[in-house]
Amino acid sequence: MNILNLIRWKNLLMIAFVQLLIKYALFKPFNVDITLNWFGFLLLILSTLCIAAAGNIINDIQDVDTDIVNRPEKVIIGKKVTEKTAYNLFIILNVIGVGLGFYLSNLVGRSGFFAIFVIISALLYIYATYLKQTLLVGNIVISVLVAMSVLIVGLFELLPVVNTQNQATQLTFFKILLDYALFAFIINLVREVAKDIEDIDGDYKAGMNTLPIAIGRERATKVLFALTLLPLFGVVYYMLTYLYKQQIAVGYFLLFLVAPLLYITIKSFSAKTKKDVRHISTILKIVMFLGMLSLLLYVFILKK
């Protein structure tokens, strides 16, 4: 169980669930031309999860000093799992993840795609060891990588089988994925800033230069409030532009996305304590999941 908590198994399950939704709730119902059979897709999920798990491990290894201050009850490295064991697991998972990426890239006839896995693996290491300590850069990089867990399905499923006959269809579905990837990026970016505000004490002692350390907790909270407006306005725009004729979709977006995003915006405006910011971070995570769950609606949206 300690190893499962170390690799953030709940987050990994969410990644796998979203990738399965993309294939079986968005692509399959519309008979979109796809590249991978069930086994190849399973390998894509495993590759993604292995690299993500390795990133979580190296992040925990590097965060021991800050976590002792910010959340001592959740420290695993050095208490429940030795640092040597964690490093070994980090290397093994990276080798498996990148190795599967190499196999898949050649399987779909796009050997250059192998670079995606190498770059993601390298960025996760650089993020944990260096970028996390730099003002906003780390927040942006990790949010891009979260978005890539959505986009990578389109890259491997849609692009290798594009031809003149299906180009318009493939592009339509890839654009849908781009919208969801952008949503994941923005939500995660807002959440990263919220977590930085929450973790300011431990980060300051560790010599980091996060946004709240650079400009102060109060100003950072104002920035957080401004950032929460981005997903709120973005979702409303998407709903009014693409979904306004679909009552089921509009109802879902209003109830499960717009309403909680509006709540987050109001809460961030009045957030004062560490508990307030942690609450905002938790709700953002739920909104991320509910947003991805809306992929199930496209059976109704696109078939009408």
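In this text the structure is predicted, and so the values were computed from the model without any measurement.

Peer 1: So what's going on with the packing of helix 7 (residues 137-157) against helix 8 (residues 167-198)? Which residues, and what values?
Peer 2: Look at helix 7 against helix 8: their axes get within 8 Å of each other, and the N-to-C directions meet at 155°. Compared by their axis directions, helix 7 and helix 8 come out roughly antiparallel. Crossing of helix 7 against helix 8: the hand is right-handed. Residues Asn-139, Ile-140, Ile-142, Ser-143, Val-144, Val-146, Ala-147, Val-150, Leu-151, Val-153, Gly-154 and Leu-155 of helix 7 form the contact with helix 8, whose participating residues are Phe-174, Leu-177, Leu-178, Tyr-180, Ala-181, Ala-184, Phe-185, Asn-188, Leu-189, Glu-192 and Asp-196. The residue inventory of the contact of helix 7 with helix 8, partitioned by class, reads 17 nonpolar, four polar and two charged.

Peer 1: Lay out the environment of Ile-142 with the relevant residues and their values.
Peer 2: Within the secondary structure, Ile-142 is located in helix 7. Judged by its relative accessible area of 12%, Ile-142 falls in the buried class. Sequence-wise, Ile-142 and Phe-185 are 43 residues apart; in three dimensions their C-alpha atoms are separated by 8.6 Å. The contacts of Ile-142, once residues within four sequence positions are left out, are Leu-124, Tyr-127, Asn-188 and Glu-192.

What counts, and at which threshold
Residues numbered from 1 in each chain as written. Predicted model: local features only at pLDDT ≥ 70, side-chain atom pairs only at ≥ 80, totals over all residues. Heavy atoms only, no water. Axes fitted to C-alpha atoms, helices over the stretch in contact; angles between N-to-C directions. Helix = DSSP H or I, 4+ residues; strand = E, 2+ residues; numbered from the N terminus. Parallel < 35°, antiparallel > 145°, perpendicular 65-115°, else oblique. Left-handed = near helix turned anticlockwise from the far one by under 90°. Contact = heavy atoms within 4.5 Å. Nonpolar A, V, L, I, M, F, W, Y, C, P; charged D, E, K, R; others polar. Buried < 20%, exposed > 50% of the residue type's maximum accessible area, 1.4 Å probe, protein only.

Functional significance is not addressed by these values, which are geometric in nature.
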